[in-house]
Amino acid sequence: MIDFDPNIVTALSVILPTYYENFITEDITLPCITYVENNNSSYLEGDTLRYSHLNYTIKLWMDDKEQQSYLAEIDSTMKRLGFVRNSANEIVSGRVIEKIMDYEAIGFEEGE
């Protein structure tokens with residue numbers, strides 16, 4: 001199993017404040033980014049090599065449509081980390097806009 005969360009947080013925090021989604025509250029300052037790991041499962045295993053399938057949902061929370069320029073930065077950052085975007089959706093609730101992007105990658109497991 002790979003703990004990739006620190007890499008995600010470090011890379012995305014350069015763009016905007018980044019939080020684990022399950023711990024955010026209503027008083028969060030926008031714009032910001034949240035993440036949640038959806039899958040971290042064994043993908044391929046051999047005698048000396050192991051790989052994991054990783055899947056993350058990354059959300060851009062904003063209160064102004066002009067802030068969508070952050071989307072390209074998030075996408076570029078995730079691609080640099082080896083992820084591919086599978087989907088992008090949008091939810092609007094009042095004045096809050098959530099841009100929801102799903103990313104996945106295959107990661108090399110180090111160790112025994």
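These lines cover the structure that appears in this document, whether it is placed above or below.

Parameters at a glance
- Residues numbered from 1 in each chain as written.
- Predicted model: local features only at pLDDT ≥ 70, side-chain atom pairs only at ≥ 80, totals over all residues.
- Heavy atoms only, no water.
- Phe/Tyr/Trp six-rings, centres within 6.5 Å; stacked < 30°, edge-to-face > 60°.
- Helix = DSSP H or I, 4+ residues; strand = E, 2+ residues; numbered from the N terminus.
- Contact = heavy atoms within 4.5 Å.
- Polar contact = N/O pair within 3.5 Å; in protein donor to acceptor, adjacent residues only side chain to side chain.
- Salt bridge = Lys/Arg side-chain N within 4 Å of Asp/Glu carboxyl O.
- Buried < 20%, exposed > 50% of the residue type's maximum accessible area, 1.4 Å probe, protein only.

### A short note on the packing of aromatic side chains
Between two aromatic rings, the relevant description is the distance of the centres plus the angle of the planes. Scanning the model with the defined rule gives five aromatic pairs in all. Through a chain of ring-to-ring contacts, the aromatic side chains of Phe4, Tyr56 and Phe83 assemble into a single cluster.

### Examining the environment of Tyr56
Looking at where Tyr56 falls in the secondary structure, it is placed in strand E3 (residues 50-62). Tyr56 sits 40 residues away from Leu16 along the chain, and the two C-alpha atoms are 17 Å apart. Not counting residues up to four positions away in its chain, the partners in contact with Tyr56 are Phe4, Asp5, Ile8, Tyr35, Val36, Glu37, Asn38, Phe83, Met101, Asp102 and Tyr103. For Tyr56, the side chain forms a polar contact with the side chain of Asp5, separated by 2.5 Å. Polar side-chain contacts of Tyr56 include one of 3.2 Å to the side chain of Glu37.

### Observations regarding the pattern of salt bridges
Applying the stated criterion across every chain yields a total of five salt bridges. Across the pair Lys59 and Glu98 runs a salt bridge, and its minimum N-O distance is 3.1 Å. Taken together, the residues span a long stretch of sequence, with Lys59 in strand E3 and Glu98 in strand E5 (residues 96-108) at a distance of 39 residues. Accessibility assignment for this pair places Lys59 and Glu98 in one class, buried. Close ionic contact of Lys99 with Glu90 constitutes a salt bridge, the shortest N to O distance being 3.4 Å. Here the salt bridges share partners, and the residues they tie into one network are Glu21, Lys59 and Glu98.

In short, geometric facts, not functional conclusions.
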